[in-house]
Amino acid sequence: MMRWLLLFFGGALLGGIVHLATVIIMPSTATQDAYLRLARIASVNTVTALPAPTPENATMPFMDPAFASAVCRYDLTQGPLKLTVPVSLAYTSVSFYTRYDVAYYAINDRAAGRRVIELDLMTTEQHNQLPEEEDVTAADRLIVESPTVTGLIAIRALAPEPGLVPMAQTAVAAARCQRPDEQKPSR
Amino acid sequence: MRLLLGSLFALAVAAIVGLGMTYFALTHGAAFSGLSIGSWIALPKTGTLDADPYARATFARSGQLPIALGDGVSFTAHIDDSGKLLDGRCDVELSGITPAARFWTLTLYNPDGELVANTVSRYGFTSQEIARRADGSFDIAVAPRANAGNWLPTGGVERYALVLRLYDTAVGVSTKASREVPMPAISTRSCP
């Protein structure tokens with residue numbers, strides 16, 4: 001009897017370790033997480049508009065139906081990315097997520113303080129390799145460091161009332177994420 | 001033989017206890033450092049790099065993207081203020097005010113995070129769509145049948161969750177007391 005009780009407690013203790021281990025490896029083994037759901041519809045380093053969620057069909061659970069949204073699934077192995085998002089009339093936000101769907105940075109139109117949110121996204125290594133003078137001269141340049149090489153950028157614009165949905169959709173559709181050298185020189 | 005049987009027993013206990021606890025934690029929502037005000041629960045830390053392993057695993061399993069803290073904070077309610085589970089066949093009233101934020105949205109989801117189909121295709125409200133009293137407070141009727149005023153249809157589903165998202169707000173990780181964050185009260189008025 002004593003022996004079985006001991007085995008039971010030994011097993012329960014081992015169960016605790018199993019529990020912690022499964023919780024920790026869960027994100028890397030999940031097959032239905034937001035990144036993989038979006039990987040099916042969004043190609044790399046381009047902005048893809050997401051359809052508005054409906055009761056029958058939603059890209060992800062718990063999406064806010066009052067927002068028009070788009071994602072940029074990024075891969076920084078080839079170099080940094082430049083993100084430009086024109087702000088809409090009501091509220092526009094840009095959120096950055098790692099490969100495992102952890103939010104590491106977000107900015108909204110008011111914090112950006114301009115008509116267009118402009119950001120450079122790079123890994124810490126790429127930021128360190130940046131020529132120093134370039135870093136200084138572009139003092140107003142916003143640089144975001146990504147903790148992972150791949151990840152997601154969620155671009156969202158609020159439609160405060162149903163009539164403003166087209167306005168919000170136009171705003172997110174005009175967002176761009178691309179390698180700086182692919183850009184046409186504007187100045 | 002006894003040794004083999006014994007180890008198999010211990011391993012079986014380990015598997016049941018370990019996987020059972022993981023399943024329970026990820027489906028019933030276990031997270032540290034929550035902010036609970038009335039029936040509303042917010043986990044501002046899950047929108048940062050400090051998100052704990054339970055929150056990370058929960059999001060990986062459900063497939064949702066957490067709202068980033070620099071964007072906003074999301075409050076969820078599954079129960080009314082008396083602790084009763086929200087029932088889509090009952091008339092539920094939300095009343096009061098919300099914390100300071102540039103915008104907020106209120107959305108009704110089924111427990112899986114899907115919008116609930118209804119005859120008027122209304123899934124929620126934004127702060128600009130709400131009819132308020134002179135003092136800024138409001139009432140929202142969450143009910144299966146049409147109501148005068150702010151009506152949020154439940155579609156008659158058995159269980160649902162209300163999610164109130166505050167955008168561009170000072171509410172966050174350092175928010176402690178409900179005094180700083182006045183959330184609307186949730187009360188069940190009548191049930192068939």
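Structural data are supplied above this passage.
Notes on the structure follow.

Calculation notes
- Residues numbered from 1 in each chain as written.
- Chains lettered and ligands numbered in written order.
- Predicted model: local features only at pLDDT ≥ 70, side-chain atom pairs only at ≥ 80, totals over all residues.
- Heavy atoms only, no water.
- Helix = DSSP H or I, 4+ residues; strand = E, 2+ residues; numbered from the N terminus.
- Rg over C-alpha atoms; globule rule 2.2 N^0.38 Å.
- Buried < 20%, exposed > 50% of the residue type's maximum accessible area, 1.4 Å probe, protein only.
- Contact = heavy atoms within 4.5 Å.
- Areas by Shrake-Rupley, 256 points an atom, 1.4 Å probe, with all protein chains shown as cover.
- Lys, Arg positive; Asp, Glu negative; His and termini not counted.
- Charge placed at Lys NZ, Arg CZ, Asp CG, Glu CD.
- Pairing = 2+ DSSP bridges.
- Axes fitted to C-alpha atoms, helices over the stretch in contact; angles between N-to-C directions.
- Buried area = accessible area lost by both parts, 1.4 Å probe.
- Salt bridge = Lys/Arg side-chain N within 4 Å of Asp/Glu carboxyl O.
- Polar contact = N/O pair within 3.5 Å; in protein donor to acceptor, adjacent residues only side chain to side chain.
- Nonpolar A, V, L, I, M, F, W, Y, C, P; charged D, E, K, R; others polar.
- Phe/Tyr/Trp six-rings, centres within 6.5 Å; stacked < 30°, edge-to-face > 60°.
- Lys NZ or Arg CZ within 6 Å of the ring centre and 35° of its normal.

**A word on the overall build of chain A**
A count of helices and strands for chain A gives six helices and nine strands. On C-alpha atoms alone, chain A measures out to a radius of gyration of 21 Å, which is more than a quarter above the 16 Å that the 2.2 N^0.38 rule sets for 187 residues. Expressed as lengths along the three principal axes of its C-alpha atoms, the size of chain A is roughly 80 × 45 × 30 Å. In chain A, which comprises 187 residues, the proportion classed as buried is 48%. Of all intrachain contacts in chain A linking residues separated by at least 6 positions in sequence, the fraction that spans at least 24 positions is 67%. In the structure as shown, chain A presents an accessible area of about 9500 Å², 59% of it carried by carbon and sulfur atoms. Taken as two groups, the 15 positive and 18 negative side-chain charges of chain A have centres that lie 6 Å from each other.

**A word on the sheet that holds strand β7 (residues 143-146) of chain A**
Residues and elements named next belong to chain A. Spatially, β7-β6-β3-β9 is the arrangement adopted by the four strands of the open sheet, whose pairing is mixed. Either end of the sheet is taken by a strand with one partner, and the two such strands are β7 and β9 (176-178). With direction set aside, neighbouring strand axes in the sheet form an average angle of 20°. Direction of pairing for strand β6 (residues 116-123) relative to β7: parallel, over a ladder of four bridges. Directly across from Asp120, in β7, lies its bridge partner Ile143.

**Considering the interface of chain B and chain A**
Between chain B and chain A, the residue contacts involve 54 residues of the former and 57 residues of the latter. Ranking the residues of chain B by area buried against chain A places Ala60, Leu65 and Arg102 of chain B at the top, with a combined share of 13%. In this structure, Arg110 of chain A and Asp168 of chain B form a salt bridge, with 3.5 Å as the shortest nitrogen-oxygen distance. Counting across the interface, chain B meets chain A through 22 residue pairs in polar contact (both at pLDDT 80 or more). Secondary-structure elements contributing two or more residues to the side of chain B that touches chain A are α1 (2-28), α2 (53-62), β5 (101-109) and β9 (161-169) of chain B. At 16 residues, the largest contribution of residues to the side of chain B that touches chain A is made by α1 of chain B. Partitioning the side of chain B that touches chain A into residue classes produces 31 nonpolar, 14 polar and nine charged.

**Focus on the packing of aromatic side chains**
Enumeration according to the criterion identifies 10 aromatic pairs over all chains in this entry. Aromatic pair Phe96 of chain A and Tyr104 of chain A: ring centres 6.0 Å apart, planes at 45°, arrangement tilted. Each member of the pair, Phe96 of chain A as well as Tyr104 of chain A, carries the same accessibility label: buried. Members of the aromatic cluster, connected to one another through ring pairs, are Phe67 and Tyr91 of chain A together with Phe103 and Tyr167 of chain B. Arg156 of chain A extends its terminal NZ or CZ atom over the ring of Phe67 of chain A, reaching a point 4.4 Å from the ring centre.

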